[in-house]
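Spelled out from the first residue to the last, the chains are:
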Amino acid sequence: MAEQFYKDLPKVELHAHLNGSISSTTTEKLITKKPHLSDQHNMTVISRGQKRTLEECFEMFKIIHQLTVSDEDVFVVTKDVVKEFAADGVKYIELRSTPREEKSTGMTKKSYVSSVLEAIKQCKNEGVDIDVRFLLAIDRRNGPTIAMETVKLAEEFFRSSDGVVVGLDLSGNPAVGDGKNFIAPLQAGRNLGLKLALHLAEIPNQNEESEMLLSIPPDRIGHGTFLHPEVGGSQRLVDTVKKYRIPLELCFSSNVKSQTISSYDQHHFHYWYNLGHPCVVCTDDKGVFGTDLSLEYQITASTFNLSKTQIWDLSYQSINCIFAPESVKSDLKRRWNELKPGLFTQD
Ligand SMILES: CC(C)=CCNc1ncnc2c1ncn2[C@@H]1O[C@H](COP(=O)(O)O)[C@@H](O)[C@H]1O
Ligand SMILES: [Zn+2]
């Protein structure tokens, strides 16, 4: 568990996959309804000190997805995940999820998104202290035709969700499919006013793909682990990211536990932070990687010897990277400034 300062620190979460964020308490709740999956429980979390390969991590999602097969499941999971982030001191979150259909329960991609949005609405009505937005995710393994359908669905909800749906994500196993196939649907989304958060350079040797995706350009980058020349990326890629000042969503536990980074001190946070480039600390999959956002901030501080003031600034600067409008950014900044004195008089 993270130290109290990191819990109390008001935080913004910008990279959280819904099905990767399910806590073990919620998993138990779902398993009670699906006893045939009871022996899969330990298969959905990577405990402390454990590591898996990236491929093994993606196998875990196959199990998790069997737990969320109905609108009711999706609703329950969303409510729990939102409340857990709020309890961890997250004041603003952009959740992302891949709309899925399930014939056996009648869940459609549209009802999937509606269930997520209904849960978000209920949390708001119950007074849960967190502003929640949503990105529809495109899974690369499903190809460009499905991607275009997702863009259409996103457009529908973008118009009808009162500002909750703000954009699109590109994710899924980076070793599957070619990123360039998604340029057209992503560009179409961008032209509609949807913001783009793209997983990029999550694994090595994808410079060409990264270059293509950066040419759109995206509004935020997920991971960007292999962009800089020291790890096989290129100065050109770095220069493009710098030119557009595209924020990076950085996920320490995820990268170390899925072994794209060998240890915390090797994390590319170091490279980009020292350039003064916008970096946002995120969880990725808090359920799968057994973490929460306060722990990720604590890991950042202890690995790179950052002071509490530097950590505060990191959290405050993250507000500039959200997809909600400027007025929301100003409100959050006011909130942060109100909370600041209480946080710095604790010790
Ligand atoms: C598995 C692993 C190494 C995780 C970290 N890196 C990731 N890279 C790319 N896509 C991801 C990652 N984590 C989660 N996802 C995406 O999020 C999905 C789960 O959340 P959801 O069903 O979209 O609600 C996964 O099926 C996958 O498409
Ligand atoms: Zn991710």
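Anyway, here's the lowdown on the structure attached to this text.

What counts, and where the lines are drawn
- Residue indices begin from 1 for each chain and proceed along its sequence in written order.
- Labels are handed out in written order, letters beginning with A for the chains and numbers beginning with 1 for the ligands.
- Totals for whole chains, interfaces and linings use all residues, but because this is a predicted model, local features are given only for residues with pLDDT of at least 70 and pairs of side-chain atoms are given and counted only at 80 or more.
- The basis for every side-chain value is the complete set of non-hydrogen atoms in the structure, without hydrogens or water.
- Water is not among the atoms examined, so metal sites may look incomplete; donors are the N, O and S atoms within 2.8 Å of the metal, or within 3.2 Å for Na, K and Ca.
- Metal sites are grouped by the angles between bound donors: all angles between 85 and 135 degrees with four donors is tetrahedral, opposite donors over 155 degrees apart with the others between 65 and 115 is square planar for four donors and octahedral for six, and any other pattern is irregular.
- Just to be clear on terms, a salt bridge is a Lys or Arg side-chain nitrogen sitting within 4 Å of an Asp or Glu carboxyl oxygen.
- Each helix is a run of DSSP H or I of at least 4 residues and each strand a run of E of at least 2, with the numbering of both proceeding from the N terminus.
- Partly exposed residues are those whose accessible area sits between 20% and 50% of the maximum for their type, while under 20% is buried and over 50% is exposed, using a 1.4 Å probe and protein chains only.
- Think of it this way: a Phe, Tyr or Trp ring, Trp meaning its six-membered ring, pairs with another when their centres are within 6.5 Å, and the plane angle makes it stacked under 30 degrees, edge-to-face over 60, tilted otherwise.
- Placement of a charge over a ring requires the Lys NZ or Arg CZ to be within 6 Å of the ring centre, with the centre-to-atom vector within 35 degrees of the ring normal.

Details of the coordination of the zinc ion (ligand 2)
Consideration 1: On the protein side, the zinc ion (ligand 2) has H15 (NE2), H17 (NE2), H199 (NE2) and D284 (OD) as donor atoms, found 2.1 to 2.2 Å from it.
Consideration 2: Classification of the site at the zinc ion (ligand 2) as irregular follows from its 4 donor atoms and the range of 82 to 168° in their angles at the metal.

Quick word on the pattern of salt bridges
Consideration 1: According to the stated counting rule, one finds 25 salt bridges in the structure shown.
Consideration 2: Note that E126 and K83 form a salt bridge whose closest N and O atoms lie 2.9 Å from each other. Residue E126 is found in the loop between α5 (109-125) and β3 (131-139), and its partner K83 is found in helix α4 (residues 71-87); the two are separated by 43 residues along the sequence.
Consideration 3: Overall, the relative accessible area of 44% leaves E126 in the partly exposed class.
Consideration 4: Of the charged contacts, one joins E156 and K110 as a salt bridge, the two residues approaching to 2.8 Å between their closest N and O atoms. Residue E156 is located in helix α6 (residues 143-160), and its partner K110 is located in helix α5; the two are separated by 46 residues in the primary sequence.
Consideration 5: Residue classification places E156 among the partly exposed residues on the basis of a relative accessible area of 40%.

Here we look at the packing of aromatic side chains
Any two aromatic rings considered together are summarised by their centre-to-centre distance and by the angle between their planes.
Consideration 1: Considering all chains together, one arrives at 10 aromatic pairs under this definition.
Consideration 2: An angle of 55° between the planes, with centres 6.1 Å apart, marks the rings of F252 and F304 as tilted. Separated by 52 residues along the polypeptide, F252 in helix α10 (residues 252-257) and F304 in helix α12 (residues 293-304) bring together distant segments of the chain. No difference in accessibility class separates F252 from F304, as the two residues are buried.
Consideration 3: Grouped by ring-pair contacts, the aromatic residues F252, Y264, F269, Y273 and F304 constitute a single cluster.
Consideration 4: Positioned over the ring face of F344 is K340, at 6.0 Å from the centre of the ring.

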